[in-house]
Structures are given as structure tokens and as C-alpha cells.
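# Tertiary structure, described
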Amino acid sequence: MSVDNLTAVLYGVEDLRLEQRPIPTIKDDQVLIRMDSIGICGSDVHYLVHGRIGDFILQKPMIIGHESSGVVHKVGKSVKHLKVGDRVAIEPGVPCRYCENCKQGKYNLCPDMIFCATPPVDGNLSRYYAHAADFCFKLPDHVTMEEGSLLEPLSVGIHACRRANIGLGTKVLILGAGPIGLSVLISALSMGAGEIIITDILDDRLKLAKELGATHTLVVSKDAKESDLVKQVHDTLGTAPDVSIDCTGFEATNRLALLATKSGGCVVIVGCGPPDVKIPLISGLTREIDIRGVFRYCNDYPAALALVASGKINVKKLITHHFDITQTSEAFDTARYGRGGAIKVIIHAAPRNENNLKPF
Ligand code: 572
Ligand code: ZN
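Notes on the structure follow. (Residues numbered from 1 in each chain as written. Chains lettered and ligands numbered in written order. Predicted model: local features only at pLDDT ≥ 70, side-chain atom pairs only at ≥ 80, totals over all residues. Heavy atoms only, no water.)

### Things to note about the coordination of the zinc ion (ligand 2)
Here is the rule we go by: Each metal site lists N, O and S donors within 2.8 Å (3.2 Å for Na, K and Ca). With water left out of the atoms, a site can look as if it is missing ligands. A site with four donors is called tetrahedral when every donor-metal-donor angle falls between 85 and 135 degrees; four donors are called square planar, and six octahedral, when opposite donors sit more than 155 degrees apart and all other angles fall between 65 and 115; any other arrangement is irregular. Helix and strand assignments follow DSSP, with helices taken as H or I runs no shorter than four residues and strands as E runs no shorter than two, numbered in order from the N terminus. Three labels apply to residues, based on accessible area from a 1.4 Å probe with only protein chains included: buried if under 20% of the type maximum, exposed if over 50%, partly exposed otherwise in between.
The protein atoms that coordinate the zinc ion (ligand 2) are C41 (SG) and H66 (NE2), at distances spanning 2.1 to 2.4 Å. In this structure, the zinc ion (ligand 2) is surrounded by four donor atoms whose angles at the metal cover 72 to 158°, and the resulting shape is irregular. With C41 in the loop between β3 (30–39) and α1 (42–50) and H66 in the loop between β6 (62–63) and β7 (67–75), this residue pair connects regions lying 25 residues apart in the sequence. Judged by relative accessible area, which is 4%, H66 ranks as buried.

Below, the structure is given as C-alpha cells:
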């Protein structure tokens with residue numbers, strides 16, 4: 001009998017199938033990974049529902065999933081730092097290593113990046129998966145496989161906070177308390193941020209934000225007046241934030257970030273919306289606000305791992321649901337409709353806790 005490599009393949013809009021695929025062969029610099037935990041990202045759901053994100057269009061079946069961890073099953077000939085049995089977090093994007101951006105250390109901007117579950121590149125919601133060994137990070141024994149998969153969204157949070165130059169006492173406004181907003185919150189706290197105000201339209205998410213250490217929360221109604229929201233942010237902090245980080249991708253939050261930030265401050269936009277948005281640019285420019293973009297992350301996995309391994313933060317609180325890979329469809333429905341207050345939904349490609357040395 002051939003080995004089970006059950007795999008979640010997105011064939012098109014609303015057409016996600018579980019099927020058997022051959023076990024991948026590995027190159028000399030790769031490892032074969034027996035997959036364990038795979039988190040569902042907003043982009044996975046977006047491809048399922050819309051079949052595209054911007055110019056990245058699903059044109060042939062694609063394996064979904066990119067927030068993952070697993071156990072090394074086989075090691076390529078030239079791999080030095082990993083051995084069979086090592087538990088690893090998988091950084092899902094592998095750059096070309098040769099272009100100008102790669103050579104300057106900004107590999108997240110590599111135009112030839114191979115990034116899991118971004119068409120046409122396959123992801124890793126499967127039982128077995130081959131990946132460049134140097135983009136696999138060995139987990140210490142006390143870090144769980146679920147935490148390993150969460151290093152991916154946490155890296156986005158760390159990268160955003162690094163882009164915003166968050167440091168001791170920085171006053172921060174975070175827009176959106178979904179998985180990325182909460183990852184930014186955790187990262188900002190660990191980087192020494194002072195007061196942090198976080199907004200969302202869902203009160204449940206803000207409750208979690210409070211538990212994670214937000215100093216202030218603000219429920220925002222969709223029809224709230226912009227100037228009232230700016231005032232509420234200023235009144236709550238007693239001043240304007242040094243930095244605002246928009247994790248939602250809505251025009252309204254792009255605008256609020258720009259209008260609320262102090263003169264000389266910084267606005268970082270993580271969540272992307274439509275290609276053209278109307279923002280109060282001149283107000284931002286004449287107040288010398290730096291507007292900075294974020295594209296995934298770059299050299300942020302080691303910090304994300306160090307943070308989780310330190311035990312200083314509790315990233316596990318983001319996980320609201322667990323499903324076995326055989327229940328992938330239910331898992332996607334839960335993530336998609338936010339069922340049961342879903343924040344981060346984890347799919348297990350190996351029996352839950354099988355590879356956790358400390359039970360999750
Ligand atoms: O975990 C990384 C990640 N990046 C996302 C979305 C979800 N997860 N990005 C938003 C979409 N862009 S993109 O440029 N693209 C589809 C390649 O529009 C990438 C970053
Ligand atoms: Zn993602």
C-alpha cells in the first residue's frame with residue numbers, strides 16, 4: 001500500500017478537495033517534513049471564496065496552507081543543521097537568493113519568491129511536504145507544534161512593529177483585532193510599547209486583546225463619524241499615538257490611522273484592501289507622517305521563535321479551534337464565518353499532541 005499523503009487541494013472557487021498525492025522527493029538542500037499543525041490564514045479563505053488576491057489568480061489546482069510546522073522525516077544530502085525527528089516551524093516563502101533585494105537582505109521583496117499557497121505555488125496542508133532546510137526552524141522541546149505554526153502570523157506582527165520602530169514607551173494605535181492585529185499587539189508589547197489602544201468592530205476580539213495586554217480597547221461601529229473616532233483615540237490615550245498600525249485593509253481604517261497619528265509619527269499599513277484608496281494624504285504629508293508598507297516578513301522567524309520560547313507571551317491564546325485534516329472543510333467554514341468566535345483555526349495533519357513534548 002502506498003503511504004498516506006492526504007492533501008487539501010483548492011481546485012477553484014468553493015472547490016476545496018482532500019485527495020491523495022505522491023510523497024514529494026527532496027533536493028539535496030531540502031528536508032521532507034511530516035506535517036503537524038497548519039493554521040488557516042485569511043488569504044487561504046480568500047482564495048477559496050474568490051479564487052484570487054489581486055493579480056494572483058488560481059489557474060490550476062493548488063495545495064492550500066502556509067502557517068505550518070512538522071517533524072523532519074528525511075534530510076537532503078547537503079543539510080547540516082537538521083536531523084530526522086527534529087520538530088520545525090516552516091517559513092513558507094523561499095526567495096531566489098540572487099536578486100538585488102535578496103542580496104541586500106530584503107528577501108521578502110524578491111520578485112521570484114516561491115511562497116506557499118500563493119498561485120501557482122503549492123502550500124503545505126498535507127501529511128508530507130518538502131521544503132528548503134534553511135527556511136525550517138528547529139523548535140525547542142518546550143515549544144509546541146501549534147506554537148510553531150503561529151510563528152508565521154507572529155512574524156508578520158514583528159515585522160510590522162519593526163517597520164514602525166516600536167520601542168520603549170511607544171504609544172500605539174492598532175486597527176483590527178484579528179489574528180494579525182493581535183500578533184502586532186503581542187509583538188508591540190514585547191518590544192516595549194507603552195500604552196496600546198486596539199480597535200475592532202467585534203467586542204469578543206477586543207476582550208482577547210485586553211487579556212493579551214492591550215491597555216485600551218475601542219469598539220468601532222461601521223457608521224461612526226471619522227472625527228469622533230479620532231477624538232475617542234486621543235481622549236483615551238490622553239494624546240495622539242506615536243504609531244498607528246492598520247491590520248484591516250479598509251479605507252476607513254487607513255484614513256483613521258493617518259488622521260489619528262501624531263505629527264512626526266508613523267503609519268504602518270499591514271492589511272491590504274482594494275488597489276486604489278482615498279486617504280487624507282496632504283494632512284499626513286504636512287504633518288510629516290511616515291507611511292510605511294509591510295510585505296510579509298524578512299528575518300523575523302528567529303525573533304518570533306525566541307519570543308515564544310521565552311514564555312513571555314502567550315501566543316496560544318490566538319487559537320480558538322482545532323480540526324483534524326480529514327475535517328478540513330469544517331475547519332474552513334469555521335474560519336470563514338468566524339463560527340464560535342473563531343480567531344485562529346488550526347488543522348492537524350498528525351494526531352493532536354503526538355509531536356508535542358509538553359501537551360498543548
Ligand atoms: O502570511 C503571509 C500572508 N501575506 C498576505 C496575506 C496572507 N498571509 N499578504 C497579502 C496578500 N499579498 S499579495 O501581494 N499576494 C497575493 C501575493 O496581494 C501578499 C501578502
Ligand atoms: Zn498568511
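### Here we look at the sheet that holds strand β2 (residues 15–20)
In a beta sheet, neighbouring strands are held together by backbone hydrogen bonds and run either parallel or antiparallel to one another. To be explicit about the condition: Two strands are said to pair when DSSP picks up at least two bridges between them.
Across the sheet, three strands lie side by side as β2-β1-β6; this open sheet has antiparallel pairing. Two strands in the sheet have a free side with no partner beyond their single neighbour: β2 and β6. Here two bridges tie strand β1 (residues 6–12) to β6, and the two strands are oriented antiparallel to one another. Looking across to β6, one finds that V9 is bridged to I63.

### A look at the nonpolar core
As a reminder, the rule being used: In plain words, nonpolar cores are sets of buried Ala, Val, Leu, Ile, Met, Phe, Trp, Tyr and Cys residues tied together by side-chain atoms within 4.5 Å. Only heavy atoms matter for contacts: two residues are in contact if any of them lie within 4.5 Å across the pair.
Counting residues in each nonpolar core, the largest one holds 60 residues, and the members touching the most others are L154, I166, L182 and I245. Where this core is concerned, the elements lending two or more residues are α3 (145–163), β13 (172–175), α4 (179–190), β14 (196–200), α5 (203–212), β16 (243–246), β17 (266–269) and α9 (301–310). Here I245 is in contact with A160, C161, A164, I166, L173, I174, L175, V184, V268 and V270, once residues within four sequence places are set aside.

### With respect to the site of ligand 1
To keep it simple, the criterion reads: For each residue, the test is whether any non-hydrogen atom lies within 4 Å of the molecule or strand; if one does, the residue is near. Here a polar contact means two N or O atoms within 3.5 Å. Within protein one must be a hydrogen donor candidate and the other an acceptor candidate, and residues neighboring in sequence count only if both atoms are side-chain atoms. Each accessible area is a Shrake-Rupley estimate made with a 1.4 Å probe; only the visible protein chains count as cover when residues are assessed. Here the nonpolar group is Ala, Val, Leu, Ile, Met, Phe, Trp, Tyr, Cys and Pro; Asp, Glu, Lys and Arg are the charged ones; every other residue, Gly included, is treated as polar.
Around ligand 1, the structure places C41, S43, Y47, I53, F56, H66, F115, T118, E152, F295 and R296. Take H66: an N or O atom from its side chain is 3.2 Å from an oxygen atom of ligand 1. Note that an oxygen atom of ligand 1 is positioned 2.6 Å from one of the side-chain N or O atoms of E152. Its free accessible area being 460 Å², ligand 1 has 75% of it covered by the protein chains. Its residues assigned to classes, the shell around ligand 1 comprises six nonpolar, three polar and two charged.

### Topic: the sheet that holds strand β15 (residues 216–219)
Under the convention used in this document: Angles shown run from 0 to 180 degrees and are taken between the N-to-C directions of axes, each axis being a line fitted to C-alpha atoms and, for helices, limited to the stretch in contact.
Here six strands make up an open sheet; going across it, the order is β15-β14-β13-β16-β17-β18 and the pairing parallel. At either margin of the open sheet sits one strand with a lone partner, and together these are β15 and β18 (290–293). Taking each pair of neighbouring strands and ignoring which way they run, the sheet shows an average axis angle of 15°. With four bridges connecting them, β14 and β15 associate as parallel partners. Looking across to β15, one finds that I197 is bridged to H216. Lying on the sheet, helix α6 (residues 226–237) is in contact with β13, β14 and β15; it crosses β15 at an angle near 160°.

### Let's talk about the packing of α1 against helix α10 (residues 328–337)
Here is the rule we go by: If an angle is under 35 degrees, it is roughly parallel; if it is over 145, roughly antiparallel; if it lies from 65 to 115, roughly perpendicular; otherwise it is oblique.
As a packed pair, α1 and α10 sit with axes 10 Å apart at the nearest point and diverge in direction by 100°. Relative to α10, α1 is oriented roughly perpendicular. Residues D44, V45, L48 and V49 of α1 pack against F332, A335 and R336 of α10. Tallied by class, residues from the contact of α1 with α10 come to five nonpolar, no polar and two charged.

Taken by themselves, the reported measurements are silent on function.
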